[in-house]
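Listed below are the residues making up each chain.
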Amino acid sequence: MLFGAEHIRRYQETDGREGHDWRRGTTTLLLTTTGRKTGKSHITPLIYRPHGDAYVVVASKGGDPRHPEWYLNLQANPHVKVQVLGDKFEAEARTATPQERAELWPYMAEVWPDYDEYQKKTDREIPVVILERR
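Criteria and thresholds
- Residues numbered from 1 in each chain as written.
- Predicted model: local features only at pLDDT ≥ 70, side-chain atom pairs only at ≥ 80, totals over all residues.
- Heavy atoms only, no water.
- Buried < 20%, exposed > 50% of the residue type's maximum accessible area, 1.4 Å probe, protein only.
- Helix = DSSP H or I, 4+ residues; strand = E, 2+ residues; numbered from the N terminus.
- Pairing = 2+ DSSP bridges.
- Arc of directions from axis to C-beta.
- Contact = heavy atoms within 4.5 Å.

Enquirer: Would you mind showing me how to read the pairing of strand S4 (residues 54-58) here?
Expert: Where a strand is regular, its side chains alternate between the two sheet faces. Along S4, 5 of the 5 residues are buried, which leaves the element largely enclosed by surrounding structure. Burial along S4 is two-sided: the residues Ala54, Val56 and Val58 and Tyr55 and Val57 are all buried. Taking the residues between adjacent antiparallel strands as the criterion, strand S3 (residues 49-51) and S4 are bridged by 2 residues, where glycine 52 takes a positive phi near 65°. Bridge count for S4 against strand S7 (residues 128-133) is 4 bridges, and the pairing is antiparallel. When the sheet's bridge partners are listed, valine 56 is paired in S7 with isoleucine 130.

Enquirer: Would you mind going over helix H1 (residues 4-13) with me for this structure?
Expert: Owing to its 3.6 residues per turn, the α-helix brings residues three or four apart onto one side. Among all positions in H1, only His7, Ile8 and Tyr11 are buried. For H1, the arc enclosing every buried residue in end-on projection is 95°, short of the 170-degree limit, so these residues lie on one face. Looking at H1, the residues exposed on the side facing more than 90 degrees away from the buried face are Ala5 and Glu13. On its buried face, H1 is in contact with strand S1 (28-34), strand S2 (41-47) and strand S5 (79-84).

Next comes the structure, spelled out in structure tokens:
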């Protein structure tokens, strides 16, 4: 199973043939954000699901009390890059509204039930993020 830098490298080198299909039947995309302090690009593999013309990811960080860095980065600069298999595109990232979250949380937990456990571990509401192609 691929993780971290190796996951990113193999995904990029193979246009997702290696790394897209991940654990327990999930699929991953690569999200590139711009560091809010450094201005440098940061790439993160994330479980996703398509939703209409958009893609949905969850800022879970395994139930940590703090948001993941990639989420803080996109809050500061919502202009991101996304790679799904060989499809590379620019997108705008936004946090789902409460109404959208109510619909999308179970949609995401359906493919990764651990999200429900992560939410129980933390007092923060774990954000659901929508990536809309530009």
